[in-house]
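# Structure at a glance
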Amino acid sequence: KVEGKINSLLRVDKYGQIVECSEEEYSDYLGLNIKNKNYFKTPKETNEPFVAGMVRQGDHQQIIVSAPLFETNAYTPYPNFLAEFEGILMSIIELDYLRNLYIHSILEEKKNYFLLINLDTFETLLKSEEINEFSEIIEKLPESEKRLNMITDFNGFGKTIMTSSDIVLGQETWRLIILTPLKNVGQEITSVQKRHLFSLGFLIIVVAGVLFFLFSLYR
């Protein structure tokens, strides 16, 4: 479950021109015509919200979410809109924002790394500096159709814990791959093993004590 994180809202008129913007950082978009973009055409044609996958605006990587607007003064059950199409509401989510918000929180400095790819095109969307582009390491990974949850030798890291999760955005599927070299977490693993051994030893002592007490009572 992911909490909603929409920070910007833009209104587009029925001709495809951006006419209002809630955030100053997107004020340059005012006056821009997007009538030929799929995130304008699809809601207009289907009457339904739409999520565009990766959209590049200059150096920015963005996800665009759009929903149609209809002029009506009476309640109309979705999606049976009877009124005239008036444009769309659009929100822009920066990919770096998602990285800082979600991916950053599951990474530990110098202990694990990540790779975010588009499963349809194998394009690398985001990655840790220590990891090469996906196109350069694809041969070292198991089949891309399968989720990666395993321990394997990888990219000079030695034995590496590899886990993955798929993310569906509109018509695109992204895969987040987390790589954790065992050598980077060796101390933690040893510590966990010691705690388990201590717990096992304590449990054996308790069980032996109970058995001795029962045997004494029996005698």
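First things first, this report covers the structure right here in the doc.

Conventions and cut-offs
- Residues numbered from 1 in each chain as written.
- Predicted model: local features only at pLDDT ≥ 70, side-chain atom pairs only at ≥ 80, totals over all residues.
- Heavy atoms only, no water.
- Helix = DSSP H or I, 4+ residues; strand = E, 2+ residues; numbered from the N terminus.
- Buried < 20%, exposed > 50% of the residue type's maximum accessible area, 1.4 Å probe, protein only.
- Arc of directions from axis to C-beta.
- Contact = heavy atoms within 4.5 Å.
- Pairing = 2+ DSSP bridges.

## Side note on unusual backbone geometry
Positive phi, normally seen in glycine, also occurs at Asn47, with a value near 65°. Residues other than glycine seldom take positive phi values, yet Phe122 does so here, at roughly 65°. Relative to the helices and strands, Phe122 resides in the loop between strand E6 (113–118) and strand E7 (124–127). In this structure Phe122 comes out as partly exposed when scored by relative accessible area, which is 33%.

## Things to note about helix H1 (residues 38–46)
Taken together, the buried positions of H1 are Tyr39, Phe40 and Pro43. When H1 is viewed along its axis, its buried side chains cluster within an angular range of 105° and face the same direction. Turning to H1, the residues buried within the fold contact strand E1 (10–13), strand E3 (50–57), strand E4 (60–70) and strand E5 (85–94). Positive phi appears at Asn47, one or two residues downstream of H1, with a value of about 65°.

## Observations regarding the pairing of E3
With seven bridges joining them, E3 and E4 adopt antiparallel strand pairing. Within the sheet, the bridge partner assigned to Val51 lies in E4 and is Val65. The hairpin formed by E3 and E4 contains two residues between the paired strands, and Gly58 there has a positive phi angle of roughly 65°.

## Details of the pairing of strand E10 (residues 172–181)
Counting buried residues in E10 gives nine out of ten residues, a clear majority hidden from the surface. Relative to E10, E6 runs antiparallel, the two being bridged by six bridges. Within E10, the residue paired with Phe114 across the bridge is Ile178. Here ten bridges tie strand E9 (residues 159–169) to E10, and the two strands are oriented antiparallel to one another. What sits directly across from Val168, in E10, is Thr173.

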